[in-house]
Amino acid sequence: MTVNGWIQILVFCGIILALVKPLGGYMTRVFNGERTILSLIFGPLERGLYRLAGTSDREEQHWTTYAGAMLLFNLAGFLLLYVLQRVQGSLPYNPAGMGAVPPELAFNTAASFVTNTNWQNYGGESTMSYLTQMAGMNVQNFVSAATGIVIAIVLIRAFARKSARTLGNFWVDIVRATLYVLLPICVVGTLVLVWQG
C-alpha cells in the first residue's frame, strides 16, 4: 500500500474517532426523546407524523410488536417499490417514456433497496423513470438506513433494560432516525458537495 493510502486510512479513522462523542451523545438525546437543537425545527413535524401513524412518543411496544411493525413497514416499502417499477410506464415524470421494469429485475431491485444493499443490475437513467428514482429508490435509501439505525438502537435498549417488557416504539424511532439523524447528515453532505462544485 502507498503512503497516500495509509494517510487516507488514518484521516478516515481520525474523523470517525472525532465524531464518536458528539454524534453518539446527540443520537442518545434524540432516541431518549430529549430536546436537541433541531427540536424547534422538527418537533411539530414529528408530532404530526405520530398523529398520522396513530401513536405517540410516550407509547412503547413489546419486542414482538416492535419487530412486527418493522417487518410490516419494510414489506410495505418493498411492495410499493416493486409496484412503482412495474407500472412506471403509465405514471407521470417519465419524459423518456420508459416502460415497466421486468418482474425479475423489479423484484431484485426492490429487495436490494429495502435491505439497503442498493445492488443495481441496470442502468438507472435508462431503466427507471424520474418518479421511480425519486419516490422509490431515494425514499428507500433513507428509510432502509433508518431501519438499520433503529434495529441497532433497539438492540442497545434490550441490553440496557434487560428485564423490561417494552423496547421503545418503532414508529417513533423511525421518524427520529429520519428527521434528526439522516436528514441533517444529508443536508450537510449536500452543502459540502455544492461547496466542492
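Keep in mind that this is a model prediction, so the values were computed, not measured.

Asker: Hey, could you run me through the nonpolar core in this one?
Answerer: Nonpolar side chains in soluble globular proteins generally cluster together in the buried interior. Grouped together as the largest cluster of nonpolar side chains are 25 residues, with contacts concentrated most on Phe-31, Ile-149, Val-150, Phe-170 and Tyr-180. With 9 residues, helix 7 (residues 170-196) is the largest single contributor of residues to this core.

Asker: Where do I start with the packing of aromatic side chains in this structure?
Answerer: One pair of aromatic rings is described through two measures. These are the centre distance and the angle between the planes. Per the stated rule, a full pass over the model turns up 7 aromatic pairs. Taken together, a centroid distance of 6.5 Å and an interplanar angle of 20° make the contact between Phe-78 and Tyr-82 stacked. With Phe-78 and Tyr-82 both in helix 3 (residues 63-86) and 4 residues apart, this pair spans about one turn of that helix. Owing to a relative accessible area of 15%, Phe-78 belongs among the buried residues under this scheme. In this structure an aromatic cluster arises from ring pairing among Tyr-66, Phe-73, Phe-170 and Trp-171.

Asker: Explain helix 3 to me, please; I cannot follow it from the model alone.
Answerer: Note: α-helices contain 3.6 residues per turn, so residues at a spacing of three or four share the same orientation. Relative to the 34 Å expected for 24 residues at 1.5 Å per residue, helix 3 spans 34 Å between its end C-alpha atoms, a close match to the ideal helical length. Among the residues of helix 3, those classed as buried are Tyr-66, Ala-69, Met-70, Asn-74, Gly-77, Phe-78, Leu-81, Leu-84 and Gln-85. Tucked into the core, helix 3 has its buried residues touching helix 4 (103-114), helix 6 (130-161) and helix 7.

Asker: Whenever I open this one, a nonpolar patch on the surface confuses me. Can you help?
Answerer: Taken together, the side chains of Val-3, Ile-7, Val-11, Ile-15, Leu-19 and Leu-23 present a nonpolar region at the surface, about 530 Å² in accessible area. With respect to the helices, strands and loops of the structure, Leu-19 is situated in helix 1 (residues 3-31).

Asker: So what exactly am I meant to see when it comes to the environment of Ile-41 here?
Answerer: Tracing the backbone shows Ile-41 in helix 2 (residues 39-53). We classify Ile-41 as exposed; its relative accessible area is 57%. In sequence terms Ile-41 and Leu-179 are 138 residues apart; their C-alpha atoms lie 9.8 Å from each other.

Asker: Is there a simple way to explain the side chain of Thr-127 in this structure?
Answerer: Checked against the element boundaries, Thr-127 lands in helix 5 (residues 124-127). The exposure class assigned to Thr-127 is buried, which follows from its relative accessible area of 18%.

Asker: Would you take a moment to explain helix 7 for this structure?
Answerer: Along its 27 residues, helix 7 runs 37 Å from first to last C-alpha, staying within 8% of the 39 Å computed at 1.5 Å per residue. Of all the bends in helix 7, the greatest, near 35°, is centred on Leu-182, and the proline Pro-184 appears no more than four residues after it. Where helix 7 is concerned, the buried positions are Phe-170, Val-172, Asp-173, Ile-174, Val-175, Arg-176, Ala-177, Leu-179, Tyr-180, Val-181 and Leu-182. Elements in contact with the buried residues of helix 7: helix 1, helix 2, helix 3 and helix 6. Two residues or fewer past helix 7, Gly-197 is found with a positive phi of approximately 85°.

Asker: Can you help me understand the side chain of Asp-173 in this one?
Answerer: Along the chain, Asp-173 turns up in helix 7. You can call Asp-173 buried: its relative accessible area is 2%.

Asker: What should I look at first to understand the environment of Ile-174 in this one?
Answerer: Locating Ile-174 in the fold gives a position in helix 7. A relative accessible area of 6% places Ile-174 in the buried class. Setting aside residues up to four positions removed in sequence, Ile-174 forms contacts with Phe-73, Val-143, Ala-146, Thr-147 and Val-150.

Asker: Please clarify how the pattern of salt bridges should be interpreted in this entry.
Answerer: Oppositely charged side chains can pair when the atoms bearing their charge come close. The final tally for this structure, using the stated rule, is 5 salt bridges. Close ionic contact of Glu-46 with Arg-176 constitutes a salt bridge, the shortest N to O distance being 2.9 Å. Taken as a pair, Glu-46 in helix 2 and Arg-176 in helix 7 lie far apart in primary sequence, 130 residues in all. Considered together, Glu-46 and Arg-176 belong to a single accessibility category, that of buried residues. Between Asp-57 and Arg-176 there is a salt bridge, with its nearest N and O atoms 3.6 Å apart. Within this pair, whereas Asp-57 is found in the loop between helix 2 and helix 3, its partner Arg-176 is found in helix 7, the two being separated by 119 residues in sequence. Residue Arg-176 is classed as buried on the basis of its relative accessible area of 7%.

Rules behind the numbers
- Residues numbered from 1 in each chain as written.
- Predicted model: local features only at pLDDT ≥ 70, side-chain atom pairs only at ≥ 80, totals over all residues.
- Heavy atoms only, no water.
- Core = buried A, V, L, I, M, F, W, Y, C linked by side-chain atoms within 4.5 Å.
- Buried < 20%, exposed > 50% of the residue type's maximum accessible area, 1.4 Å probe, protein only.
- Helix = DSSP H or I, 4+ residues; strand = E, 2+ residues; numbered from the N terminus.
- Phe/Tyr/Trp six-rings, centres within 6.5 Å; stacked < 30°, edge-to-face > 60°.
- Expected span 1.5 Å × (residues − 1).
- Contact = heavy atoms within 4.5 Å.
- Patch = residues over 30% accessible without salt bridge, like charges linked within 9 Å, V, L, I, M, F, W, Y side chains within 5 Å.
- Areas by Shrake-Rupley, 256 points an atom, 1.4 Å probe, with all protein chains shown as cover.
- Salt bridge = Lys/Arg side-chain N within 4 Å of Asp/Glu carboxyl O.
- Bend = angle between axes of the 7 residues up to and from the residue.

Interpretation in functional terms is not warranted from these geometric data alone.
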